[in-house]
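Topology and contacts: notes
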Amino acid sequence: MGRSWRAGGPALIRTGALVAVGAMLLSCVSRLRTLAVLRGPPGVAPLPAKDPWSPRVNPGAGRRERAAKPGCVRGDPRSFSSEVIHMDLSLPNPSWNEDMRLLFDQFMKKSEDGSWKRLPSYKSKFTQRTEDIKIYFPDAKLMKEKLSQTQLFPRSLEEGLGFEYAMFHNYIEDRTVCIFQGGPYLQGAPGFLHGGAIATMIDATLGTCAVVAVGVAMTASLNISFKRPIPLGSVVVINSQVDKVEGRKLFLSCNIRSMDEKTVYSEATSLFVKLDPKTRLT
């Protein structure tokens, strides 16, 4: 027995060592996975341990505000999930050109005295207004299920490919300004933005102006005069304002200009109607 034990001893020792090493490797892999979840994808600052709900600005150029729910696994920040990350998409990102960044910085400077305020923008609206919308639909449960899967159309394309924009609102003057850079997926005539993409941004800017002014409102009519085509990838300024309010009706106007304001690309007028909580939409 002793001879047999001695003969098998080295083999047993080697087997035991391999098992121990394997256990150590599995432990390391598990820790690395946990660490990766806490840190998130490369280039993204880790979540604060004590307050994972609080929004913050990640260090470095081209990074955006993020906030995450406790216990959520962080994924690709460009993918859509109501359980992953709420990203403020109105902050600078690497696809913004110099003109876009310059205009953004100028409006951020104007915001320092409180006259202007930057409006955050997300893929989906997880706000009280979403709850407000539900009261206009008879089947609230069905509406809730639908809203959980929605994305805002102007934020549905990948970063840099479609609608890159940031909005600022002046509460004293009831004005909303949108700085907009159209990506390659918005082409209409070769080298120029599609008219539908321009109309989308006009409607989005006017709608934001109306909602900020009176609450939940929807487009009743929109009239656009296209003066000049907008070159693909250029940066323009969309100016909108509330001209008149009559009961639940809001009359707004809008224009799209070049950065130096010398070129007028489009002009528009619109009628928005504030929704009546007593009236169902369907």
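Located above this text is the structure these notes cover.
Residues numbered from 1 in each chain as written. Predicted model: local features only at pLDDT ≥ 70, side-chain atom pairs only at ≥ 80, totals over all residues. Heavy atoms only, no water.

1. Structural notes on the pattern of salt bridges
Charged atoms that come close allow side chains of opposite charge to pair. According to the stated counting rule, one finds five salt bridges in the structure shown. Between glutamate 112 and lysine 109 there is a salt bridge; the shortest N-O distance is 3.6 Å. The exposed category is assigned to lysine 109, whose relative accessible area is 57%. (Salt bridge = Lys/Arg side-chain N within 4 Å of Asp/Glu carboxyl O. Buried < 20%, exposed > 50% of the residue type's maximum accessible area, 1.4 Å probe, protein only.)

2. Regarding the sheet that holds strand β4 (residues 163–170)
Pairing is antiparallel in the open sheet, where seven strands are placed in the order β3-β4-β5-β7-β8-β9-β6. Of all strands in the sheet, those with a lone pairing partner are β3 (117–119) and β6 (217–226), marking the two edges. The average angle at which neighbouring strand axes cross in this sheet is 25°, direction not considered. Alignment of β4 against strand β5 (residues 175–182), held across eight bridges, turns out to be antiparallel. Of the residues in β5, the one forming a bridge with alanine 166 is isoleucine 179. Here helix α5 (residues 195–214) sits on the sheet and contacts β3, β4, β5, β6, β7 (235–246), β8 (249–258) and β9 (264–274); the angle it forms with β6, its principal contact strand, is near 140°. (Pairing = 2+ DSSP bridges. Helix = DSSP H or I, 4+ residues; strand = E, 2+ residues; numbered from the N terminus. Axes fitted to C-alpha atoms, helices over the stretch in contact; angles between N-to-C directions. Contact = heavy atoms within 4.5 Å.)

3. Regarding the nonpolar core
Phe180, Met201, Leu252 and Ile256 are the most contacted members of the largest nonpolar core, which has 28 residues in total. Among the elements that take part in this core, α5 stands out by supplying eight residues, more than any other. The next biggest cluster of nonpolar side chains, apart from the first, holds 13 residues, and it includes Leu91, Met100, Ile179 and Val237. (Core = buried A, V, L, I, M, F, W, Y, C linked by side-chain atoms within 4.5 Å.)

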